[in-house]
Amino acid sequence: QVQLVESGGGLVQAGGSLRLACVASGRISSINVMGWYRQAPGKQRELVAQIIWTGNINYADSVKGRFTISRDNAKNTVYLQMNSLKDEDTAVYYCRYSDNQNYWGQGTQVTVSS
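What counts as what
- Residues numbered from 1 in each chain as written.
- Predicted model: local features only at pLDDT ≥ 70, side-chain atom pairs only at ≥ 80, totals over all residues.
- Heavy atoms only, no water.
- Phe/Tyr/Trp six-rings, centres within 6.5 Å; stacked < 30°, edge-to-face > 60°.
- Helix = DSSP H or I, 4+ residues; strand = E, 2+ residues; numbered from the N terminus.
- Buried < 20%, exposed > 50% of the residue type's maximum accessible area, 1.4 Å probe, protein only.
- Salt bridge = Lys/Arg side-chain N within 4 Å of Asp/Glu carboxyl O.

Our focus in this paragraph is the packing of aromatic side chains. Within the structure shown, the criterion is met by two aromatic pairs. Seen in terms of ring centroids, Tyr37 and Trp104 are 5.0 Å apart; in terms of plane orientation they differ by 70 degrees. Their pairing is edge-to-face. Taken together, the residues span a long stretch of sequence, with Tyr37 in strand 4 (residues 33-39) and Trp104 in strand 10 (residues 102-104) at a distance of 67 residues. Given the relative accessible area of 34%, Trp104 is considered partly exposed. Ring centres 6.0 Å apart and planes at 55 degrees place the aromatic pair Tyr97 and Tyr103 in the tilted group.

Moving on: the pattern of salt bridges. This model, assessed by the stated rule, comprises four salt bridges. A salt bridge links Arg38 to Asp89, with the nearest nitrogen and oxygen atoms 2.9 Å apart. Placement of Arg38 in strand 4 and of Asp89 in the loop between strand 8 (77-82) and strand 9 (91-98) is noted, with a sequence separation of 51 residues between them. A salt bridge links Asp89 to Arg66, with the nearest nitrogen and oxygen atoms 2.7 Å apart. Taken together, the residues Asp89 in the loop between strand 8 and strand 9 and Arg66 in the loop between strand 6 (57-59) and strand 7 (67-71) connect sequence positions 23 residues apart. Look at the salt bridges and you will find they share partners, linking Arg38, Glu46, Arg66 and Asp89 into a network.

In structure tokens:
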């Protein structure tokens, strides 16, 4: 199994930045997809960004140019650098790891105030 732990959430003013981290542990496959999802109150969980084992990256249109997903050299940690934060970015952010199964972290709260 795989366990995921997110960190880095918090309260920031509009226009500010946060850096989220997700550390994966357990039986990690090199063939995997890791990504960040978010869920705002009253809304469905949505994909924010994901990075595939090939290196391909996908972003939601709403965060393109503002957010950057990356991973460290050990390939067991994924980051989400969030810049120019807006009120609409307020949500619980979840890390996801997928190989032949899906694993989710517990989430970290991001609150943007104006």
